[in-house]
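Now for the letters of each chain:
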Amino acid sequence: MTESAAAAPSIDILMPYYGDVPMMQESVRSVLAQSDPDWHLTVVDDGDATGVPEWFAALGDSRVTYLRNPKNLGISGNFQKCVELASRDRLVMLGCDDLLMPNYVARVRELEARRPGIGLIQPGVEVIDGSGEPTSSLVDTVKRRRYAPKELLQEGGEPVVLAGEELALSLLRGNWLYFPSLCWRTDAIQSSAGFREDLRVVQDLAVIIELVERGEELLADSVPAFKYRRHSGSESSQRAVDGSRFDESRRFFTETAARLDEIGWGRAALVARRHRSERLHALALAPSAFLQRDAALVRRLVRYAASTK
């Protein structure tokens, strides 16, 4: 490791946990397997599964802190508690079903050393299914091929730095980031408005757009360092199936467009107002709803897909 990389800030890995115990344990083990030891893991348990506190106690690792909420805070509430607990220079909000590759901490520290103080780092991501096997969904293919910077498709390509209206426009056209894999500058996210209680699917994008408006930059890398698990049990998947995510998305994009107009980012505001990627997503779900004979959901999805505001 270079001298500059060795001097990079320490990293808080925060895990807002609720749900599958074996997947959470696998995720924790992926942190313990890091090649670079400069991290601290804090797991904030928002559930009540039996045996979990005892499992963490048996780990006996001073680098791991386990906390159980006395009452359920919900998704955004637990996210926000994790952010408030961070005390190191950078933080990661690791999904309790996702996995760090052994090089994750080393790679993001190396990237931070190249661009000291950068607001967000997006490492390379591999997508896995519920069994941990590599997979490729239509959503991930579109993210990679249509919305992500083309430089990231080049094997061994240099990391890309994006900022300002161009970054906002890119993410609002289609959010190609993988939220649980992001490494944030702690003071940037702690000084933001935080994770909104009224948002359950796009709350991460709301925080990111706020930071971009404030001038934070994003460094995106193509070197794989994170495994993102895509499966039907996730919150976004469940809310896509019942169509409720699109009501939330419409409200978010409408609010965002108005705010971007106010600061003079007209092109990004127009993209937000159209939110084509979300409307196409809704349309793609309509055939499944039809096969389930859910006429009300079909109508809801088609109406959203056909909307222009």
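### Thoughts on the packing of helix H2 (residues 21-32) against helix H3 (residues 52-59)
Here is step 1 of the chain: At a minimum axis separation of 12 Å, H2 and H3 run at an interaxial angle of 20 degrees. Accordingly, the angle class assigned to the pair H2 and H3 is roughly parallel. For H2 against H3, the interelement crossing comes out right-handed. Packed against H2, whose contacting residues are Val-21, Met-24, Gln-25, Val-28, Arg-29 and Leu-32, the element H3 presents Val-52, Trp-55, Phe-56 and Leu-59 at the interface.
Here is step 2 of the chain: Its residues assigned to classes, the contact of H2 with H3 shows eight nonpolar, one polar and one charged.

### Some details on the packing of aromatic side chains
Here is step 1 of the chain: By the definition in use, this model includes nine aromatic pairs.
Here is step 2 of the chain: A ring pair is formed by Phe-79 and Phe-179, whose centres lie 5.5 Å apart and whose planes are at 50 degrees; its orientation type is tilted. Here Phe-79, found in helix H4 (residues 74-85), pairs with Phe-179, found in the loop between helix H7 (164-173) and strand S8 (183-185); they are 100 residues apart in sequence, far enough to count as distant. Residue Phe-79 shares its accessibility class with Phe-179, and that shared class is buried.
Here is step 3 of the chain: The side chain of Lys-143 reaches across the aromatic face of Tyr-178, ending 3.9 Å from its centre.

### Quick look at the packing of H7 against helix H12 (residues 266-274)
Helix packing for two helices is described by the angle between their axes and how far apart those axes are.
Here is step 1 of the chain: Axis separation between H7 and H12 bottoms out at 9 Å; the angle between their running directions is 10 degrees. Taken as axis vectors, H7 and H12 run roughly parallel relative to one another. Listed contacts from H12 to Glu-165, Glu-166, Ala-168, Leu-169, Leu-172 and Arg-173 of H7 are Gly-266, Arg-267, Ala-268, Val-271 and Ala-272.
Here is step 2 of the chain: Taken together, the residues of the contact of H7 with H12 sort by class into six nonpolar, one polar and four charged.

### Regarding the confidence of the model for the protein chain
Here is step 1 of the chain: Per-residue pLDDT for the protein chain averages 88, and the proportion of residues at 70 or more is 84%.
Here is step 2 of the chain: Taken together, the stretch residues 1-9 has pLDDT below 50 and engages in 17 contacts with residues farther than four places along the chain or on a different chain.

### Notes on the environment of Arg-146
Here is step 1 of the chain: Mapped onto the elements of the fold, Arg-146 is located in helix H6 (residues 138-147).
Here is step 2 of the chain: Considering only alpha carbons, one finds Arg-146 and Trp-176, 30 residues apart in sequence, at a separation of 8.9 Å.

### Some points on the environment of Val-223
Here is step 1 of the chain: Position of Val-223 relative to the elements: it lies in strand S9 (residues 218-229).
Here is step 2 of the chain: With a relative accessible area of 30%, Val-223 lands in the partly exposed category.
Here is step 3 of the chain: In this structure the C-alpha to C-alpha distance between Val-223 and Leu-152, which are 71 residues apart in sequence, comes to 8.9 Å.
Here is step 4 of the chain: Sequence-distant contacts of Val-223, defined by excluding residues within four places in its chain, comprise Asn-103, Arg-107, Pro-123 and Gly-124.

### Things to note about the pairing of strand S1 (residues 11-17)
Here is step 1 of the chain: Most of S1 sits inside the fold, with seven of its seven residues counted as buried.
Here is step 2 of the chain: Across the two faces of S1 the burial is the same, with Ile-11, Ile-13, Met-15 and Tyr-17 and Asp-12, Leu-14 and Pro-16 all buried.
Here is step 3 of the chain: Of the pairings in the sheet, the one linking S1 to strand S2 (residues 39-45) comprises seven bridges and is parallel in character. Note that in S2 the partner of Leu-14 across the bridge is Thr-42.
Here is step 4 of the chain: Regarding the hand of the β-α-β motif, the stretch spanning S1, H2 and S2 is right-handed.
Here is step 5 of the chain: In this sheet, strand S4 (residues 90-93) lies alongside S1 in parallel orientation, the contact comprising four bridges. Residue Leu-14 lies in a different strand from S4, and its bridge partner there is Met-93.

Quick notes on the rules
- Residues numbered from 1 in each chain as written.
- Predicted model: local features only at pLDDT ≥ 70, side-chain atom pairs only at ≥ 80, totals over all residues.
- Heavy atoms only, no water.
- Axes fitted to C-alpha atoms, helices over the stretch in contact; angles between N-to-C directions.
- Helix = DSSP H or I, 4+ residues; strand = E, 2+ residues; numbered from the N terminus.
- Parallel < 35°, antiparallel > 145°, perpendicular 65-115°, else oblique.
- Left-handed = near helix turned anticlockwise from the far one by under 90°.
- Contact = heavy atoms within 4.5 Å.
- Nonpolar A, V, L, I, M, F, W, Y, C, P; charged D, E, K, R; others polar.
- Phe/Tyr/Trp six-rings, centres within 6.5 Å; stacked < 30°, edge-to-face > 60°.
- Buried < 20%, exposed > 50% of the residue type's maximum accessible area, 1.4 Å probe, protein only.
- Lys NZ or Arg CZ within 6 Å of the ring centre and 35° of its normal.
- pLDDT = per-residue confidence, 0-100.
- Pairing = 2+ DSSP bridges.
- Right-handed = clockwise from strand over helix to strand, strands pointing away.

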